[in-house]
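# A structural walkthrough
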Amino acid sequence: MKWLLVLLAAALVAAGTLTDHFSSPPLEVMVIRTDQWLFCQDYGVTIKIKALEPVAVNNVVVTAKFFPEGTLRPEVQTRQAGGFSLQKGEIKQIVVSFNYCPRRQIDPLILLEIQIYLRNYTLSYNYYIGRVLPTTYEDLARYAASLEQKVKELTAQVDQLKRQVADLQTRVANLTSLLAAARTDNERLSAVLTQVRAERDALRAQLDQVQAQLSAVSQAKAAVEAQLAEARKQLEGLKAAYDKISGQYVDAQKTIADLEARLSELQRRYDELQKAEQQLRENYFSLSAKYSELSGRYDELNKAYQQTIQEKALLQNRYSELNTGFTWAVNMATALGVALLFVIALFLTRRRYTTTPPTTQTPPASVKSAVVLQPEQPKETIVKWPATAE
């Protein structure tokens, strides 16, 4: 355990920023990185390129290859920086980052490749820089501290067991002295020794039984703990289901209350409609009686109306006959009166010319013409009885 703590302390001291230096004219390359690669976290690499003489760089490619254990096919991540030109003494700084997040946490080796493309040739730097760690050195230190605490607890338990062993040894020594005393008085204590042996055997049997029961109790305790965990899961599920059912029950209560209110309203409307129906039935029966009475009266009036129409037709025929005779008589009387007046006038005229001297002739008296006005026949008006709809 001590060597593990020493190793963890050395790892903590070694963790930090590392710098790698390469020199290949006309360039000098410095790579600054950290020694702790962690899963699913960005890992930064800073590259400083210093020109020893004027130079033009076409492109810089930085590649990180992760080699998981048991395979030769790495996972490759590439970053490019583009081209640039440097004068003597100028420094170009390039910062890139990588992130390794595997499906299984296996510590892979890391190969870092830096390729600097010049006009006529290429400079390459390849080297292994470490492994990707699942945890940091700080986490390992905390784990070591927890292990140290466990060691202390186990040491205390060992000391307690040593004290128990000393007590048992003391008890054994006491029993040995008692046994020696019993041996000196074998005849006198043989019965007691036999009894003690029997009690010892009984106690040993009880001890074995107690140990068996303890083992059974331990197994039962483990089973009960498993059942308790399962029961807790079921209880959580039942609590969630109860909460859901409680919400549904509250909603159902609200729905039932609304339905009861609507049922009461519909019952009230049904009673009102039933009363209205009863009243309409009574009105229908009274109207039916009135309709029957009016139908009888309508039949009587229709018969009287038909009889009146027939009598009117007879009177119309007689009126037409009388009107024709009266018109002929008036016309004849008018013609005779006109002829009589004409004769009288002619007679008087002749007599005046014979008895009196001639005088200024006066115009004969104007003859009034008689105009016979034909009486207008009365118009026939048919009165229609209003139709009834049942």
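What counts, and where the lines are drawn
Residues numbered from 1 in each chain as written. Predicted model: local features only at pLDDT ≥ 70, side-chain atom pairs only at ≥ 80, totals over all residues. Heavy atoms only, no water. pLDDT = per-residue confidence, 0-100. Contact = heavy atoms within 4.5 Å. Salt bridge = Lys/Arg side-chain N within 4 Å of Asp/Glu carboxyl O. Helix = DSSP H or I, 4+ residues; strand = E, 2+ residues; numbered from the N terminus. Core = buried A, V, L, I, M, F, W, Y, C linked by side-chain atoms within 4.5 Å. Buried < 20%, exposed > 50% of the residue type's maximum accessible area, 1.4 Å probe, protein only. Phe/Tyr/Trp six-rings, centres within 6.5 Å; stacked < 30°, edge-to-face > 60°. Lys NZ or Arg CZ within 6 Å of the ring centre and 35° of its normal.

Looking at the protein as a whole, the pLDDT averages 78, with 80% of positions reaching at least 70. Counting interchain partners and residues more than four positions distant, the pLDDT-below-50 stretch residues 380-386 has six contacts.

Taken as a whole and assessed by the stated rule, the structure comprises five salt bridges. Taking the shortest distance from any N to any O, the salt bridge between Glu-113 and Lys-65 comes out at 3.1 Å. Pair noted here: Glu-113 is in strand E10 (residues 109-117) and Lys-65 is in strand E6 (residues 59-67), with a separation of 48 residues, a long-range link. Two residues, Arg-268 and Glu-265, come together in a salt bridge whose shortest N-O distance is 2.2 Å. Of this pair, Arg-268 and Glu-265 both sit in helix H3 (residues 186-355), three residues apart, which is roughly one turn of that helix. Linked through salt bridges whose partners overlap, the residues forming this network are Glu-265, Arg-268 and Glu-272.

Another point: the nonpolar core. Ranked by size, the top nonpolar core spans 31 residues in total, and within it Ile-47, Ile-49, Leu-112 and Ile-116 carry the most contacts. Contributing elements (two or more residues each) for this core: strand E2 (27-34), strand E4 (42-51), strand E5 (55-57), E6, strand E8 (84-86), strand E9 (91-99), E10 and strand E11 (122-133).

To continue, consider the environment of Gly-83. Relative to the elements of secondary structure, Gly-83 occurs in the loop between strand E7 (75-80) and E8. Residue Gly-83 is classed as exposed on the basis of its relative accessible area of 52%. Excluding its chain neighbours within four sequence positions, the residues that come into contact with Gly-83 are Val-57, Asn-58 and Asn-59.

What follows deals with the packing of aromatic side chains. Overall, the coordinates contain two aromatic pairs when judged by the stated rule. Centroid distance Phe-22 to Tyr-125: 5.0 Å. Interplanar angle 35°. Geometry classified as tilted. Residue Phe-22 is located in strand E1 (residues 17-24), and its partner Tyr-125 is located in strand E11; the two are separated by 103 residues in the primary sequence. Under the relative-accessibility criterion, Tyr-125 is labelled buried at 6%. Geometrically, the ring pair formed by Tyr-284 and Phe-285 is tilted, given 5.9 Å between the ring centres and 55° between the ring planes. Per residue, the accessibility class of Tyr-284 equals that of Phe-285, and both read exposed. Sitting over the face of the ring of Phe-84, Lys-92 holds its NZ or CZ atom 5.5 Å from the ring centroid.

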